[in-house]
Structure formats: C-alpha cells, structure tokens
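Secondary and tertiary structure notes
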Amino acid sequence: AYHDLAHFYFHLQLMAARAPRRRAEFVRLGRALLDGYDPMLTAEHPLFRLLLMQHGICHVAWIAERRVPMLGGAYRWFVRRRWHTCERMLGPMRERQVA
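None of these values were measured; they are calculated from a predicted model. (Residues numbered from 1 in each chain as written. Predicted model: local features only at pLDDT ≥ 70, side-chain atom pairs only at ≥ 80, totals over all residues. Heavy atoms only, no water.)

**So, the nonpolar core**
Core analysis: the largest hydrophobic core is formed by 18 residues, its most contacted members being L34 and F48. Elements with a contribution of two residues or more to this core: α1 (3–18), α3 (46–65) and α4 (72–98). Dropping the residues within four chain positions of it, L34 is found in contact with L5, Y9, P39, L41, T42, A43 and F48. (Core = buried A, V, L, I, M, F, W, Y, C linked by side-chain atoms within 4.5 Å. Buried < 20%, exposed > 50% of the residue type's maximum accessible area, 1.4 Å probe, protein only. Helix = DSSP H or I, 4+ residues; strand = E, 2+ residues; numbered from the N terminus. Contact = heavy atoms within 4.5 Å.)

Below, the structure written as structure tokens:
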C-alpha cells in the first residue's frame, strides 16, 4: 500500500534537495501527503523507509543505465551526485540505527 505513496514522497524529497530555497514547501507538502493517507504514518516507518530506499536505488540505476557516450565523465559525475543526494535523503534513519 505504501509503494506509490513512497514513490511520490521520494520525488518530493528529491525536489526539496534540488531547490534549497523551497525546501520548507516540499517538506510541508510531503507531511500533508502522509497525513492525508494516514495521520499516524511517518517517514520513519520501517516499511516506508525501505520503499524509499528502493525508489532511490531504482532512480539512480535508471539514470546510470542511460549511458550518453558524448558526456562520459560529466554523466558519471551526475550519477554520483544524484546517488549522494539520495543517500543524504535516506541517511538520517541509518544514523539513528547505528547510534
């Protein structure tokens, strides 16, 4: 049930990471999305976090598969940068588990 919800939430978080000035708007929109689905659901719910990670990995894999020969080095840089963005989005849960 969380699959599509996590996909949309993932892209909201990705847009928030790409537009720092509008981050608060995307965060509020994501919270409203989760509240509208289930007021008790948080982005920290284990199944929801797992689906967010799945979408992050699939997103980066999709970008990596679209090889553009003319842009070799620049394209690899873009893929690495997008992976780091996804890692930062999903990082807080990993840090809490280690602590």
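**Quick word on the packing of aromatic side chains**
Under the definition given, this model contains three aromatic pairs. Note on Y2 and F48: the rings are 6.0 Å apart at their centroids and 80° apart in plane angle, and the pair reads as edge-to-face. Residue Y2 is located in the segment before α1, and its partner F48 is located in helix α3; the two are separated by 46 residues in the primary sequence. Residue classification places Y2 among the buried residues on the basis of a relative accessible area of 15%. (Phe/Tyr/Trp six-rings, centres within 6.5 Å; stacked < 30°, edge-to-face > 60°.)

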